[in-house]
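Below are the chains, spelled out letter by letter.
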Amino acid sequence: MTTTPFGGANTAVLGEPKVQIGRYQGLRSTNSLGLTRSRHVPLSSFSSSSLIRAVSTPAKPETKRSKVEIFKEQSNFIRYPLDEEILTDAPNINEAATQLIKFHGSYQQYNRDERGGRSYSFMLRTKNPCGKVSNQLYLTMDDLADQFGIGTLRLTTRQTFQLHGVLKKDLKTVMSSIIRSMGSTLGACGDLNRNVLAPPAPIQRKDYLCAQQTAENIAALLTPQSGFYYDVWVDGEKFLTAEPPEVTKARNDNTHGTNFPDSPEPIYGTQFLPRKFKVAVTVPTDNSVDILTNDIGVVVVTDDNGEPQGFNLYVGGGMGRTHRMESTFPRLAEPLGYVPKEDILYAIKAIVVTQRENGRRDDRRYSRMKYLISSWGIEKFRSVVEQYYGKKFEPFHELPEWEFKGHLGWHKQGDGSYYCGLHVDNGRIGGVMKQALREVIEKYNLSVRLTPNQNIILCDIRSAWKRPITTVLAKAGLLHPRFVDPLNLTAMACPAFPLCPLAITEAERGIPDILKRVRAVFEKVGLKYNESLVIRITGCPNGCARPYMAELGLVGDGPNSYQIWLGGTPNQTSIAKSFMNKVKVQDLEKVFEPLFYYWKRKRQSKESFGDFTNRLGFEKLQELVNKWEGPEASPARYNLKLFADKETYEAVDELAKLQNKNAHQLAMEVIRNFVVSQKNGKSQ
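Residues numbered from 1 in each chain as written. Predicted model: local features only at pLDDT ≥ 70, side-chain atom pairs only at ≥ 80, totals over all residues. Heavy atoms only, no water.

Glancing now at unusual backbone geometry. In this model, tyrosine 80 is joined to proline 81 through a cis peptide bond whose omega is 5°. Structurally, the position occupied by proline 81 is in the loop between helix 1 (67–73) and helix 2 (82–85). The residue after phenylalanine 497, namely proline 498, is reached through a cis peptide bond having omega 10°. The residue proline 498 is located in the loop between strand 15 (492–493) and helix 15 (511–525) in this model. Phi is positive for asparagine 445, which is not a glycine, with a value near 55°. Here asparagine 445 lies in the loop between helix 12 (431–443) and strand 13 (448–450). (Helix = DSSP H or I, 4+ residues; strand = E, 2+ residues; numbered from the N terminus.)

Shown next, in the form of structure tokens:
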């Protein structure tokens, strides 16, 4: 006999047809406290208006489970054997502990540039909903990078810090320092909800404030409750701030059979989720968060007076894939429905539980929620989520066009203060830049926000501080965005070599040179300096820098080679497609030149590179690449806007060759540097 979520045996409420759903059986096993999750919910708890069709859940034989699922079940809620392994003298930890430490916010790594033995270290990733970082936490992370890391901080694409190079013997010191500075790494990695994104700008507007508060509430709702994090790193001492009562209420509510009663993990149970889970919250038009790449996308919906009324929900986005396995793929989230403001936490919980109960746990390549939705279809997925939500979703509200917003430069917050968004190449903070940021943040007691584009925002700046802050930052190369190459402003790369064990080729270390080469091709084919496109590079197909949303994505596809993806759009609403495989890094110009040349000459008015490649189609683009013999010779031999005579051009060209540049590049660089030197210290 089988049961429904509402307790009846194969009975549909109101006589509506059943939906047959296969369920993963691993969660039926008892946890370490001998507890199981009750599925019985009395029908008397529902009002007639909320009754919807029930879902039959036929029993099926125990399915195969991945090794990680067994590690989780035997871990005493993510404690054992990690708690023992971190106390040994070995520089590394065993296989089970390597999987479990991810839930604590860390990955074990080794330096792949070294030959011979392995030098083990650990990467720590913080959890910063909305990218919010207090003054105290920033200064602590800055200190830890120097004392226990490799001297740099890394800003991630999910609004967090990554601290690389921490030795095992220092893990407890570093973790406890972060915790005591009111920071956390709990849940930054592992099979649970990751950092919740939100627009980073500290704009004092109702919709932005609502988005940020909602992101923090969702993060609190889905934070593990069993205390394993504090037991391992601060000997059980708790450092918790009070959470809003609506969060506690939503977590503990089991009206619709979502929870494991009396379990230390009411939402996650012993097994947590099948894989990582990503949530982003934003406001209409602001796609600073790559909303469609998340498992759940939440969009604030306001009335005509700007008062938040509820939320649109997207589901099923995700980037990870495996090369040449068509059964794995990047996927855009799609609309699920609308919920009133007061229901958002219950709706989020219902979606999470649907994935918990039905996501695959046998093969981790297919464990993300995008594969569940792709298999079921959105209608079936919605009907199951509604069982745990207890209501029908309202129709999705119409939204305006999305725009990418970097939130860079100087802006008014709306409360009399200013914020300053600073571009950081690849999110890597080190050297004089690190020193300058430390000086400004410490001197003016600033809080900061990290952005989903690997940049940093300084908040709560008084008007009188703008000029001295601008001067200090400019001397360290942290310039106003109008002095940064437009290609760099939207580019992203993952860390890849030397520490990521999954990397196939370079990303962060390779992107500076690749961007310079793209700029050189732009100039060769006649594209203007202020023209740009979104370029993202990853060292493997897992897609940490979201390359499948880029207009030009380079994905590691072998030693010193990339798979080229084309067709994303500047506002990150279209998914790219694979164009070419295994293009060697030294051969990139052979692809770039014809693509950019024909974009320059064949594009429609204001047509972006991504839209152009989609319109022409890959067959035509491949033909253009195959037949390419170089751009047509321009009748204008010299750029008379920069050079008044041939002799000056040739002299500059000789000097430029020493720097692996051409005359035009060098002249433009000199002019831009001169302009910057004149602007430094002036109010922007």
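Right, picking up where we left off after that structure.
It is worth spelling out the sheet that holds strand 2 (residues 120–125) at this point. Read across the open sheet, the five strands follow the order 1-2-5-4-12; overall the sheet is antiparallel. Looking at strand neighbours, the two that pair on one side only are strand 1 (106–110) and strand 12 (428–429), the edges of this open sheet. As judged from the five bridges shared by strand 1 and strand 2, these two strands associate in the antiparallel manner. When the sheet's bridge partners are listed, serine 106 is paired in strand 2 with leucine 124. Of the strands in this sheet, strand 1, strand 2 and strand 5 (161–166) are in contact with helix 5 (residues 171–180), which crosses strand 2 at around 10°. (Pairing = 2+ DSSP bridges. Contact = heavy atoms within 4.5 Å. Axes fitted to C-alpha atoms, helices over the stretch in contact; angles between N-to-C directions.)

Our focus in this paragraph is the packing of helix 16 (residues 588–602) against helix 17 (residues 609–616). Close contact between helix 16 and helix 17 brings their axes to 10 Å; oriented N to C, the two are set at 90°. As the angle between them shows, helix 16 and helix 17 are arranged roughly perpendicular. Packed against helix 16, whose contacting residues are Leu595, Phe596, Tyr598, Trp599 and Lys602, the element helix 17 presents Phe609, Phe612 and Arg615 at the interface. (Parallel < 35°, antiparallel > 145°, perpendicular 65-115°, else oblique.)

Turning next to the sheet that holds strand 11 (residues 418–422). The five strands are arranged 3-13-14-11-10 in an open sheet whose pairing can be described as antiparallel. Taken across any chain shown, the strands that pair with only one partner, and hence form the sheet edges, are strand 3 (132–133) and strand 10 (409–412). The pairing of strand 11 with strand 14 (residues 456–461) spans four bridges and is antiparallel. Its bridge partner lying in strand 14, leucine 422 is registered against isoleucine 456.

No statement about biological role is implied by the geometric values presented.
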